[in-house]
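Architecture at a glance
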Amino acid sequence: MNYFSIEVENIQELRSKLYEEIKKRNISPDRVIILTKKPIKKKGFLGIGGKIVYQVWFQVLDQGDNSAQVTTEQNTKSNSKLQFSDEDVVNSPLYKEIETLKKMIQEVMVENKKIKEITSSYLKAKESNFEMIRKQMIERDFPLGFIDKLLERVDNELSEEEKQNFYVVYDKVKSLIASDLKVASTELFINKKPKIVMLVGPTGVGKTTTIVKLALLWGATKGRKFVFFSLDKYRAGASFQLKSFAEIFRVPMKSIRNEDELRESLDIFSDSDIIFIDTAGTSQKDTLTINDLKEHVKVVKKYDVWISLVMSAVTKYKDMLDIINRYSTIGYNNIILSKIDETNTLGSSIAALCETQVPLSFVTNGQRVEADITTFRPVDLVYMALDERRDI
Ligand SMILES: Nc1nc2c(ncn2[C@@H]2O[C@H](COP(=O)(O)OP(=O)(O)OP(=O)(O)O)[C@@H](O)[C@H]2O)c(=O)[nH]1
Ligand SMILES: [Mg+2]
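Remember, it's a predicted structure, so these values are computed and weren't measured experimentally.

1. Describing the packing of helix H6 (residues 166-180) against helix H13 (residues 378-386)
Contact pair H6 / H13: the axes reach a minimum separation of 9 Å and the direction vectors enclose 125 degrees. Relative to H13, the element H6 is oriented oblique. Handedness of the H6/H13 crossing: right-handed. Here Tyr170, Asp171, Val173, Lys174, Ile177 and Ala178 of H6 lie close against H13, whose contacting residues are Pro378, Val379, Val382, Tyr383 and Leu386. Of the residues in the contact of H6 with H13, the class split is 9 nonpolar, no polar and 2 charged.

What follows is the structure, encoded as structure tokens:
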């Protein structure tokens, strides 16, 4: 005596699968009886959806079994290939019993249809939430690769239920970006005098303007003694801009042409609380000037230093990564994101900062030295980057 089971969703399927099984086993349909039938729930992909199938167990009676309604004629046939006709199958008691199953299976079909409808509305809601956020992030200039990686994390970290709610998905996006964004302290601690504050970065990003803003913030308003150095030896009259600010602050300003002069001047002004060093704008592609800058940095690294890479928020994403990477040989401590007032989209900057994990110290948002420098909690900056721009 042996047994077999078939799992089906509808009666047609049961008929054809059973017929296949009978043919495969080469048994007379009269020897097959239904033992049990029960609905079972099959889990869907990733735990959503799923369906109910009918599991029907059959017993194949032994040829000598009394309950088997096997005729001698059929017994004789049993050793040849496919010894019974389709008609035998259809007229067998087994098939009659199958008819009674029909109703039950139809009920299961209705149930399955309902499950399918719920599942597809779930998926539709999730997809439209993700799509809306994706679209918004593209508009805010977040790079595609960054968006995809982020949404994949959101997909993995939220439950199916949570993904139905746009605001839950949106908050998750914000909190993931904010937790990836590193920030540097914007307090200037002077452990050992003189503290060196140095800004490096590409041409025209606002290094000189920003160093004046920092001198106001950390020097003048705190009553500290400070001086300016300018390492801008490449352009005649380049230090003029800084000189005029030094006059306003009534502090010394020294133009430096080489490492020896730098050493000397550091020595001369060693009783200052802070020495603010402005540097020449260098193209990130210009390895010669970056190397030259590196030699100067070696001299100042003997002191207590704060070195910031100034990077304009208007820069293209790939160029940002290139700048962050090339200047890394200098060994800066943090990034100052400048000119955020000149763009409506902060996506590329935020993505570049998150991906490189360099801490952000300040953002600058205008030309006014007395006002346009500020700090943000990462979460606020992320809100700014994702939402419509608010006045800052
Ligand atoms: N809109 C805007 N303009 C800024 C900001 N910071 C600086 N600028 C302007 O950008 C221009 C260049 O600024 P600088 O401070 O000279 O830039 P730099 O990096 O020192 O330039 P180089 O020394 O030539 O490399 C000036 O016109 C500044 O007023 C800012 O946050 N927003
Ligand atoms: Mg400058």
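2. A closer look at the packing of aromatic side chains
Going through the model one piece at a time under the given rule, you end up with 12 aromatic pairs. Note on phenylalanine 166 and tyrosine 170: the rings are 5.5 Å apart at their centroids and 25 degrees apart in plane angle, and the pair reads as stacked. Note that phenylalanine 166 and tyrosine 170 are positioned in helix H6 at a spacing of 4 residues, about one turn of the helix. With respect to class, phenylalanine 166 is no different from tyrosine 170; both count as buried. For the pair phenylalanine 228 and phenylalanine 249, a centre-to-centre distance of 6.1 Å together with 45 degrees between the ring planes defines the contact as tilted. Taken as a pair, phenylalanine 228 in strand E5 (residues 226-231) and phenylalanine 249 in helix H8 (residues 240-249) lie far apart in primary sequence, 21 residues in all. A cation over an aromatic ring shows up here: lysine 174 above the ring of tyrosine 383, its NZ or CZ 3.8 Å from the ring centre.

3. What to know about the site of ligand 1
As a matter of local geometry, ligand 1 sits amid 18 residues, with Lys207, Thr208, Thr209, Asp341 and Thr364 nearest to it. In the environment of ligand 1, an oxygen atom lies 2.9 Å from a nitrogen or oxygen atom belonging to the backbone of glycine 206. Contacts to ligand 1 include lysine 339, whose side-chain N or O atom sits 3.1 Å from an oxygen atom. No other element matches the 4 residues that helix H7 (residues 207-219) contributes to the shell around ligand 1.

4. Some details on the confidence of the model for the protein chain
Model confidence for the protein chain is summarised by a mean pLDDT of 83, while 82% of its residues fall at 70 or above. In this model, residues 66-83 is a region of pLDDT below 50 whose contacts with residues beyond four sequence positions or in other chains number 22 contacts.

5. Focus on the sheet that holds strand E1 (residues 2-8)
Strands sit in the order E1-E3-E2 across an open sheet of 3 strands; the sheet is antiparallel. The sheet is open, and its two borders are formed by E1 and strand E2 (32-42), each paired with just one other strand. Going from strand to strand, the sheet's axes swing by 20 degrees on average, the running direction of each strand aside. With 7 bridges joining them, E1 and strand E3 (residues 51-60) adopt antiparallel strand pairing. For valine 8, the partnering residue across the bridge sits in E3 and is tyrosine 54.

Criteria and cut-off values
In this convention, every chain numbers its residues from 1, walking through the sequence in written order. Numbering of ligands from 1 and lettering of chains from A proceed in the order in which they are written. Where local features are concerned, this predicted model is filtered to residues with pLDDT of at least 70; where side-chain atom pairs are given and counted, the filter is 80 or more; whole-chain, interface and lining totals use all residues. Based on all heavy atoms of the structure, the side-chain values leave hydrogens and waters out of the count. Only C-alpha atoms enter the line fits that serve as axes; for helices the fit covers just the stretch in contact. Angles between N-to-C directions range over 0 to 180 degrees. Comment: elements are numbered from the N terminus, with helices defined as DSSP H or I runs of at least four residues and strands as E runs of at least two. Orientation is classified from the angle alone, with under 35 degrees giving roughly parallel, over 145 giving roughly antiparallel, 65 to 115 giving roughly perpendicular, and any other angle giving oblique. The sense of a crossing depends on the near helix, which, turned anticlockwise from the far helix by less than a right angle, makes the crossing left-handed and, turned clockwise, makes it right-handed. Two residues form a contact once any of their heavy atoms are found within 4.5 Å. The nonpolar class holds Ala, Val, Leu, Ile, Met, Phe, Trp, Tyr, Cys and Pro. Asp, Glu, Lys and Arg form the charged class, and all remaining residues, Gly among them, are polar. When the centres of two rings from Phe, Tyr and Trp lie within 6.5 Å, Trp using its six-membered ring, the rings pair. Their planes under 30 degrees apart give stacked, over 60 give edge-to-face, and anything left gives tilted. The cut-offs for exposure are 20% and 50% of the maximum accessible area for each residue type, with area from a 1.4 Å probe on protein chains only; residues under the lower value are buried, those over the upper are exposed, and the others partly exposed. Only when the NZ atom of a Lys or the CZ atom of an Arg is both within 6 Å of the ring centre and within 35 degrees of the ring normal do we say a charge sits over the ring. Nearness is defined per residue: one heavy atom within 4 Å of the molecule or strand is enough. For the purposes of these results, a polar contact is taken to be a pair of N or O atoms within 3.5 Å, where, inside protein, one atom must be able to donate a hydrogen and its partner to accept one; residues adjacent in sequence count only when each atom of the pair is a side-chain atom. A score from 0 to 100, pLDDT tells how confident the predictor is in each residue. By this definition, two strands are paired if DSSP reports at least two bridges between them.

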